[in-house]
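Coordinates in review
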Amino acid sequence: MLRFLVFQHMPWEKPGSTLLKAAKRHKARLNVVEVWREPIPDIDPYDGLIVLGGSPNVDQEAQYPFLRAEKKAIRRAIDLNKGYLGFCLGHQLLGDALGAHVGPNFCTSIGFVEGRLTKEGREHPIFGNMPLSLPLCKWHTQAVLPPMPKDVDVLVTSKVCEVEAMSVEGRPHLVGLQFDNHVNAADLADWVAGDNEFLDSKDINTDALLNRARELEGQIACKFEVLFDNYIKMIS
């Protein structure tokens, strides 16, 4: 049985229902740590980290002091060659640990967009048996920005974000995904309720957002199951 330590940053941004279902199918244990109010345990007994999204930017340690301990744990996981699967902020924290620049994206990216596999993405095992394009669930204003460190590959790109997914050459078990395809429409409804001030500031039509989530839910869940199956095979 694989064991993952999961870093959760906001009360409403929990492991998505699609992720929980996929983990249960593989009998993978997820130990969720609410990092804003709990200490991070020793990562050594775990097979890897799953790092979720959230409101902080990677450079906001003064506002979110838990980022210091979290970054230290991420660097240790990389040094120990543990598995790493990051979503949104978790993707950005991986990029920061690998020496990439993280900063404001050229546009706010909230909603759904089509992502395209790059040449490196088509060759990466996490996207095995996946189509060349797939719908992405997006919720961010920051991003990992090119140019990338020489050993870091961009796996997926889109018209609203250049680095939608990345991994490290020779270490395919280190994966960052800027998109949140681990959630379903019900999860997103919780995000809307929890993050409504931010959404209002960006003039987001939440009814349209949730309607689109329901339309794409089955398609996104099916593809995420394949992605997670591939990830489990990689690190098993």
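The numbers attached to residues start from 1 for each chain and follow its sequence in the written order. Where local features are concerned, this predicted model is filtered to residues with pLDDT of at least 70; where side-chain atom pairs are given and counted, the filter is 80 or more; whole-chain, interface and lining totals use all residues. Note: side-chain values were computed over all heavy atoms of the structure, leaving out hydrogens and water.

Moving on, we get to the pairing of strand β4 (residues 83-87). Most of β4 is tucked away, with five of its five residues classed as buried. Only protein chains enter the area calculation, which uses a 1.4 Å probe; residues under 20% of their type maximum are buried, those over 50% are exposed, and those in between are partly exposed. Secondary structure counts use DSSP, requiring at least four H or I residues in a row for a helix and at least two E residues in a row for a strand, with both numbered from the N terminus. Burial of the side chains of β4 extends over both faces: Gly83, Leu85 and Phe87 are buried on one face and Tyr84 and Gly86 on the other. The pairing criterion is simple: DSSP has to find at least two bridges between the two strands. Relative to strand β9 (residues 171-177), β4 is paired through four bridges, and the arrangement is parallel. Considered in β9, the bridge of Tyr84 is made with Leu174.

Bringing the state of the cysteines into the picture now. Cysteine sulfur atoms that come within 2.5 Å of each other are treated as a disulfide pair. Across all of its chains, the model carries zero disulfides by this definition. Unpaired in this structure, Cys137 has its nearest cysteine sulfur neighbour in Cys88, at a distance of 9.1 Å. Classification of Cys137 as buried rests on a relative accessible area of 3%.

With that settled, consider the sheet that holds strand β8 (residues 161-168). Sheet strands associate in pairs through backbone hydrogen bonding, adopting either a parallel or an antiparallel arrangement. Taken in spatial order, the nine strands line up as β2-β1-β3-β4-β9-β8-β7-β5-β6 in an open sheet, and their pairing is mixed. Each having just a single partner strand, β2 (29-34) and β6 (133-145) make up the two edges of the open sheet. The average angle at which neighbouring strand axes cross in this sheet is 25°, direction not considered. Should any heavy atoms of two residues lie within 4.5 Å, those residues are considered in contact. To obtain an axis, a line is fitted to C-alpha atoms, over the contacting stretch when the element is a helix, and the angle between two such axes runs from 0 to 180 degrees between their N-to-C directions. In the packing of helix α2 (residues 66-79) onto the sheet, the strands contacted are β1 (3-8), β3 (48-51), β4 and β9, and the crossing angle to β3 comes to about 140°. The strands touched by helix α7 (residues 206-235) are β1, β4, β5 (101-117), β6 and β9; relative to β6, the strand with the most contacts, the crossing angle is about 85°.

Turning next to the layout of surface pockets. When its volume is computed, the largest pocket comes out at roughly 300 Å³. Those elements that provide at least two residues to the lining of the largest pocket are α3 (89-97) and β6. By residue number, the principal contributor to the lining of the largest pocket is β6, which donates four residues. A 1.4 Å probe that fits into a set of points on a 1 Å grid over the protein atoms alone but cannot get out defines a cavity; an open set with protein on both sides within 12 Å along at least five of seven lines defines a pocket, and lining residues are those with an atom within 4 Å of a point. Grid points are joined across faces, edges and corners, and a volume is the space filled by probe spheres set on the points.

Take α7 next. The terminal C-alpha atoms of α7, which comprises 30 residues, lie only 37 Å apart, well short of the 44 Å expected from a rise of 1.5 Å per residue. A maximum bend of about 55° is found in α7 at Leu216. Given a helix with a known number of residues, its expected span is that number minus one, times 1.5 Å. Throughout, bend refers to the angle between the axes fitted to the seven residues that end at a position and the seven residues that start at it.

Next up on the list: the packing of aromatic side chains. In this scheme Phe, Tyr and Trp rings, the latter by its six-membered ring, pair at centre separations within 6.5 Å, and the angle between planes marks the pair as stacked below 30 degrees, edge-to-face above 60, and tilted otherwise. Inspection of every chain in the model, using the stated rule, returns four aromatic pairs. Measuring from centroid to centroid gives 5.3 Å for Trp139 and Trp191, while their planes differ by 90°, and the two rings are edge-to-face. Note that Trp139 is positioned in strand β6 and Trp191 in helix α5 (residues 185-194), a separation of 52 residues in sequence. We note that Trp139, like Trp191, is buried. Through a chain of ring-to-ring contacts, the aromatic side chains of Phe87, Phe224 and Phe228 assemble into a single cluster.

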